Amino acid sequence: MAIILTESQKGRFATDGYLILRGVFSGSEIAELRDAAAEILSRATRGAPGVGFDPWTKQPGDEVNPNRVTYLNDIFLMHERFDAHMRARALTQIFCDLYGPDINGFQSAAVIKTPQLNNDFHGWHQDAPDYVPLSNFKNGCAITYLHEMGPCTGGTSLVPRSHRDGVFERGYETVEGWPVKKRVIVGFEAYEARAAAPEFNSGDVLVFDSWLMHRANSNYTDESKIGLINVYQAKDCIDLKNRNAFGPANLPITRSGTVLSVEESSRLRDEETAERNVRG
Ligand SMILES: O=C(O)CCC(=O)C(=O)O
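A brief report on the enclosed structure follows. (Residues numbered from 1 in each chain as written. Predicted model: local features only at pLDDT ≥ 70, side-chain atom pairs only at ≥ 80, totals over all residues. Heavy atoms only, no water.)

For the structure shown, the criterion picks out 13 salt bridges. With its nearest N and O atoms 3.9 Å apart, the salt bridge here joins Arg43 to Glu39. Here the residue Arg43 and the residue Glu39 both occupy positions in helix H2 (residues 27-43), the gap between them amounting to 4 residues, near one helical turn. The partner of Glu272 in a salt bridge is Arg255, and the shortest N-O contact between them spans 3.2 Å. Taken together, the residues span a long stretch of sequence, with Glu272 in helix H5 (residues 262-279) and Arg255 in strand E12 (residues 252-255) at a distance of 17 residues. Judged on exposure class, the residue Glu272 and its partner Arg255 are both buried. (Salt bridge = Lys/Arg side-chain N within 4 Å of Asp/Glu carboxyl O. Helix = DSSP H or I, 4+ residues; strand = E, 2+ residues; numbered from the N terminus. Buried < 20%, exposed > 50% of the residue type's maximum accessible area, 1.4 Å probe, protein only.)

Rendered as structure tokens:
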């Protein structure tokens, strides 16, 4: 179901830096996405390059995620259901409403909070430090929740209105007894009291500006909780140093508000890349 954002929702996104859209995907769509996730998670074995694994234990995980994968990139290349999800009108319309009719892909990933995962090491962060310099602010993320997920069950916390205060320095702290360092935002104390930890239902979508401070929560349940990450940017938001190494980098997804097919996207990316190279 494509949602047309109201002026009030667009205003809230501009002011708060995020929107929560309820029931965007139906039960049957979520069931298909969960099946596709189980398929690719069963193939991701510990040590595979570019894949994140639960740092706390090497014990087997649950049925859908036996190897305790926590992070998987470029899932649109691993399963056609995730390519279709990246092009879903329900997601692309949101970004056309926010950024205009020509939208490119930027990232297509899955974040999995494994059973009993203490995710505090993941830490408060902004995504923008990994992306800048960009030529404008028209870059944002949609998380599609495949399960009920909240403050202690693998949801996402965020700090409303933290997105236009700049790109903050990132730090990494050693915590005694932890297998990995804890990621932090330097200066976060000034924001902590404003943090919110919403409850999400399966099929809900969180849309947030890539400069917004946020965190992936711990999961104190016995089942893996899966969120799909789709980052998009406007065609006129230029990755000035070509830093984006994800598969959807510069991949046209909509043009003039129309969703492109896999073939159209790839042909147009080649054409636009050739044009950019000619212009230098
Ligand atoms: O999975 C989440 O809840 C948040 C994901 C996240 O923080 C990220 O990918 O940057």
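Around the ligand sit Val111, Lys113, His122, His125, Asp127, Ile143, Gly155, Thr156, His214, Ala216 and Ile229, and that is every residue in its neighbourhood. Taking His125, its side chain carries an N or O atom lying 2.9 Å from an oxygen atom of the ligand. A distance of 3.1 Å is found between an oxygen atom of the ligand and a side-chain nitrogen or oxygen belonging to His214. When the ligand is considered free in solution it has 290 Å² of accessible area, and contact with the protein chains removes 94% of it. Most atoms of the ligand, that is more than half of them, are within 2 Å of grid points of the largest pocket. Looking at the shell around the ligand, the elements with two or more residues in it are strand E4 (103-113) and strand E10 (214-216). Residue composition of the shell around the ligand, grouped by class: 4 nonpolar, 5 polar and 2 charged. (Near = heavy atom within 4 Å. Polar contact = N/O pair within 3.5 Å; in protein donor to acceptor, adjacent residues only side chain to side chain. Areas by Shrake-Rupley, 256 points an atom, 1.4 Å probe, with all protein chains shown as cover. 1 Å grid on protein atoms, 1.4 Å probe; cavity = no way out; pocket = protein on both sides within 12 Å on 5 of 7 lines; lining within 4 Å. Sits in = over half its atoms within 2 Å of the grid points. Nonpolar A, V, L, I, M, F, W, Y, C, P; charged D, E, K, R; others polar.)

This model, assessed by the stated rule, comprises 1 cavity of 30 Å³ or more. Quantified by volume, the largest cavity comes out at close to 30 Å³. Every residue along the wall of the largest cavity is listed here: Gln126, Pro129, Phe168, Glu169, Arg170, Val184 and Ile185. Looking at the lining of the largest cavity residue by residue, the class counts come to 4 nonpolar, 1 polar and 2 charged. (Points joined across faces, edges and corners; volume = space filled by probe spheres on them.)

Attention now moves to the packing of aromatic side chains. Evaluation of the coordinates by the stated rule reveals 8 aromatic pairs. A ring pair is formed by Tyr145 and Phe200, whose centres lie 4.0 Å apart and whose planes are at 10 degrees; its orientation type is stacked. Placement of Tyr145 in strand E5 (residues 139-145) and of Phe200 in the loop between strand E8 (182-185) and strand E9 (205-209) is noted, with a sequence separation of 55 residues between them. Like Tyr145, the residue Phe200 is buried in the burial classification. Through a chain of ring-to-ring contacts, three or more aromatic side chains come together here, namely Phe95, Tyr99 and Tyr232. One cation-aromatic arrangement involves Arg164 over Phe137; the distance from NZ or CZ to the ring centre is 4.0 Å. When the ring centre of Trp211 is taken as reference, the NZ or CZ atom of Arg164 above it lies at 5.7 Å. (Phe/Tyr/Trp six-rings, centres within 6.5 Å; stacked < 30°, edge-to-face > 60°. Lys NZ or Arg CZ within 6 Å of the ring centre and 35° of its normal.)

Here we take up unusual backbone geometry. The phi angle of most residues is negative, glycine excepted, and most peptide bonds adopt the trans form. A cis amide bond, omega 5 degrees, links Val132 with the succeeding residue Pro133. By the secondary structure assignment, Pro133 is in the loop between E4 and E5. The phi dihedral of Asp74 falls on the positive side, at around 55 degrees, and the residue is not glycine. Along the chain, Asp74 falls in the loop between strand E3 (69-73) and helix H3 (80-86). According to the relative accessible area criterion, Asp74 is buried, its value standing at 19%.

Another aspect to go through is the pairing of strand E11 (residues 225-234). Consecutive residues of a regular strand have side chains that alternate between opposite faces of the sheet. Of all 10 residues in E11, 10 are buried, a share of seventy percent or more. In E11, alternate side chains face the same way, and those of Lys225, Gly227, Ile229, Val231 and Gln233 on one face and Ile226, Leu228, Asn230, Tyr232 and Ala234 on the other are all buried. Bridge count between E4 and E11: 10 bridges; the pairing is antiparallel. For Ser108, the partnering residue across the bridge sits in E11 and is Asn230. (Pairing = 2+ DSSP bridges.)

In short, shape yes, function no, at least from these values alone.
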